[in-house]
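# Secondary and tertiary structure notes
Below are the chains, spelled out letter by letter.
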Amino acid sequence: MREKILELDHITKYIFNVSTGRPIRGTDVKILDDVHFDLYKGEVHALLGENGAGKSTLMKIIGGIIPCDEGVMKLDGKEIQFRNSREARAKGIAFVHQELNLCTNIDVAHNFYLANEPTGKFGLMKEKEMYEKSAEAIRALGFELDTHTKLGRLSTAQQQIVEISKALSYDSKIIIMDEPTASLTKKEIEMLFSLIHDLKKRGISIIYISHRLDEIQQIGDRMTVMRDGCYIGTMERAHYSDEQAVNMMAGRVTNNIFEKEHIPGDEIVLEIKDLKIGEAAEPLSLTVKKGEVVGLCGLVGAGRTELARTIYGARPDAGGEVWYQDELYRKRSPGKSIQKGIVYLSEDRKIDGLITAAGVSENLVLSALHQLFPGGLVSRRRQKERVGQLIGEFNIKCMDRDQLVSTLSGGNQQKVSLGKCFAVEPKVLILDEPTRGIDINTKFEIYHLIDQAAKQGLSVLVISSEMAELIGMSDRIYIMRGGTITGMVSDEEEMTQENLVAKIIGV
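All figures in this text were calculated on a predicted structure; none of them were measured in a lab.

### Quick notes on the overall build of the protein
- Within the protein one finds 18 helices and 22 strands.
- Here the C-alpha radius of gyration of the protein, 24 Å, is about what a compact globule of 507 residues would show, namely 23 Å.
- In terms of overall dimensions, the protein has C-alpha extents of about 70 × 55 × 50 Å along its principal axes.
- Residues classed as buried in the protein amount to 52% of the 507 residues present.

If you want it as structure tokens, here you go:
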């Protein structure tokens, strides 16, 4: 008989009223509504749902970050409610967040021991021990990182590894993993899954949140679906199907994931000639035509993001040319690119894409101030009209236009990021992992937005680690490896996942 380690019944959470300091109790303002969830010892229980379904809120309650307003949580059969995350961690619950809670300006070891530093005489930190033990913990995951390196110099994937190893370093019996593979390569994912299997054998339980259904079926023992803050149902692995999961999440039967209505033109809008993204990199060339969606694929570290940021002017090149609308684009910079109509969507919306402490309205118009208010004076009427238009076009779910972006779900934050890009009426849109960490239904919406933008003549260069996504959206796909472009596919017969993977790894 399986041993139940965690059980939540009738969990309800209301929207918090900042002015009164109390929850707003009412039938229409529930973030979570009578939710049930349980977890057995040594199992992986996957949690599915669109962004805004209430998954993160439920996990924050389990992790001690926020309390529930109604309902009961039991750990090892005893009723409990944590006052903070430290109490949850002391009881053996670790949380690997989707948005990494790390400090980029300090090194790996100090991030690893942040707020938990070992000290000796006179309160001095045992730094030698910190560097050695953090390196050992990372090595236990099968990775090698110099723990003296500042976190900001690591890739997103490497930062994720630090976060996971940090969570595992506690004597945890429950680990919550929120989109842990979002920035990992296929090989790194396989290593993580191997580790998860080892943890299960040791009796450690894992709550696994992911929007990648192939992962869910591969790693999950049970799958629970949430929608609109409510519990929808739980499936055993033997009874699981992608179609049923998607329909439970969406609340309807979902078809036609990729609809290509756009037809590329012949006019070349963006042309890269012999560009070097680094001194040691080989020169590369590519083109993007009017109304065309061009994909860019490669392993993490292949240089995709570096290329995108170089074109945009956020980092210097080491030679070569960027041509835009038949003119050589010299002395590139983000501000200059935006004014020209070249817009870049960063893979990390939290750091580079949004001001999370500001409202939806301020974020949406942030890049378009020079267009909306050419005289330098802000017109509240014009801002209100444009913001209302963008909220409608991008189906951004918010209480009002002044709601803080930090309080939105991940999918709605991503829609705000995209809306901010479209607010400037761009001619070239460079998208870096536009659907990273968001739910399936929001992905469908973004696919449709990209297709309709291309149909209106917008040129799109899109980076994605999901092969099916690139194949479904793109007219052509460039392959990157080692900082340069190593090939390109355009024929429908060549656009297969097997062919792309072979080209990526150089087979």
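### As for the environment of Ile93
- Here Ile93 is to be found in strand β8 (residues 93–96).
- With a relative accessible area of 5%, Ile93 lands in the buried category.
- Expressed as a C-alpha distance, the spacing of Ile93 and Ile176, which sit 83 residues apart in the sequence, is 7.5 Å.
- For Ile93, the contacting residues outside a window of four places in its chain are Ile62, Gly63, Phe82, Ala88, Ile174 and Ile176.

### Notes on a nonpolar patch on the surface
- A cluster of nonpolar residues, Leu299, Val501 and Ile505, forms a patch on the protein surface that exposes about 230 Å² of accessible area.
- Among the structural elements, Ile505 can be located in the segment after α18 (497–504).

### Focus: unusual backbone geometry
- Even without a glycine there, the phi angle at Asp228 is positive, about 55 degrees.
- Inspection of the secondary structure assignment puts Asp228 in the loop between β11 (222–227) and β12 (230–236).
- Overall, the relative accessible area of 59% leaves Asp228 in the exposed class.
- Within the chain, Lys331 stands out as a residue other than glycine whose phi angle is a positive 45 degrees.

### Section: the pattern of salt bridges
- Under the defined criterion, the tally for this structure stands at 18 salt bridges.
- Residue Asp317 is joined to Arg332 by a salt bridge in which the shortest nitrogen-to-oxygen separation is 2.6 Å. With Asp317 in the loop between α9 (304–312) and β16 (321–324) and Arg332 in the loop between β17 (327–328) and α10 (334–340), this residue pair connects regions lying 15 residues apart in the sequence.
- Classification of Asp317 by relative accessible area gives partly exposed; the value is 30%.

### Examining a negative patch on the surface
- Taken together, the side chains of Asp491, Glu492, Glu493 and Glu494 define an acidic patch exposed on the protein surface.
- Within the secondary structure, Glu492 sits in the loop between β22 (484–489) and α18.
- The class of Glu492 is exposed, set by a relative accessible area of 75%.

### Points about the packing of helix α15 (residues 410–422) against helix α16 (residues 440–455)
- Contact geometry for α15 and α16: axes closest at 11 Å, N-to-C directions at 10 degrees. In terms of orientation, α15 and α16 fall into the roughly parallel class. Listed contacts from α16 to Gly411, Gln414, Lys415, Leu418 and Phe422 of α15 are Thr442, Glu445, Ile446 and Ala453.

### Notes on the sheet that holds strand β13 (residues 268–275)
- Spatially, β14-β13-β16-β17 is the arrangement adopted by the 4 strands of the open sheet, whose pairing is antiparallel. With one partner strand each, in any of the chains shown, β14 (284–289) and β17 form the two edges of the open sheet.
- Inspection of the sheet shows β13 paired to β16 by 4 bridges, in the antiparallel sense. Across the sheet, the residue bridging to Lys273 is Glu321, located in β16.
- The sheet strands contacting α9 are β13 and β14, and the helix crosses β13 at an angle near 115 degrees.

### Comments concerning the sheet that holds strand β4 (residues 30–40)
- Strand order in the open sheet formed by 4 strands is β4-β1-β6-β7, and the pairing between neighbours is antiparallel. Bordering the open sheet on either side are β4 and β7 (78–79), each of which pairs with just one other strand.
- The pairing of strand β1 (residues 4–14) with β4 spans 7 bridges and is classified as antiparallel. Residue pairing for β4: Tyr14 is matched across the bridge by Lys30.
- Sheet strands touched by helix α1 (residues 55–62): β1, β4 and β6 (70–75). Its angle to β4, the strand with the most contacts, is close to 60 degrees.

Reading the values: the criteria
- Every chain begins its residue count from 1, and numbering advances along the sequence as written.
- Given that this is a predicted model, residues contribute local features only at a pLDDT of at least 70 and side-chain atom pairs are listed and counted only at 80 or more, while totals for whole chains, interfaces and linings are drawn from all residues.
- Hydrogens and waters are ignored; side-chain quantities use all the structure's heavy atoms.
- Helix and strand labels come from DSSP, where a helix needs a run of H or I of at least four residues and a strand needs a run of E of at least two; each type is numbered from the N terminus.
- For the radius of gyration, the atoms used are the C-alpha atoms, and the globule rule reads 2.2 Å times the number of residues raised to 0.38.
- Only protein chains enter the area calculation, which uses a 1.4 Å probe; residues under 20% of their type maximum are buried, those over 50% are exposed, and those in between are partly exposed.
- It only takes one pair of heavy atoms within 4.5 Å for two residues to be counted as in contact.
- Nonpolar side chains (Val, Leu, Ile, Met, Phe, Trp, Tyr) within 5 Å and like charges within 9 Å form the patches, drawn only from residues with over 30% relative accessible area and no salt bridge.
- Exposure was quantified through the Shrake-Rupley algorithm and a 1.4 Å probe, taking into account, for residues, occlusion by the shown protein chains and nothing else.
- For this document, the term salt bridge refers to a Lys or Arg side-chain nitrogen within 4 Å of an Asp or Glu carboxyl oxygen.
- The positive count covers Lys and Arg only, the negative count covers Asp and Glu only, and His and the chain ends enter neither.
- In this description, the location of a charge corresponds to atom NZ of lysine, CZ of arginine, CG of aspartate or CD of glutamate.
- An axis is simply a line fitted to the C-alpha atoms; with a helix, the fit covers only the stretch in contact. Between two such axes, the angle follows the N-to-C directions and lies from 0 to 180 degrees.
- What sets the label is the angle itself: under 35 degrees gives roughly parallel, over 145 gives roughly antiparallel, 65 to 115 gives roughly perpendicular, and the rest give oblique.
- DSSP-based pairing: two strands are paired if at least 2 bridges between them are found.

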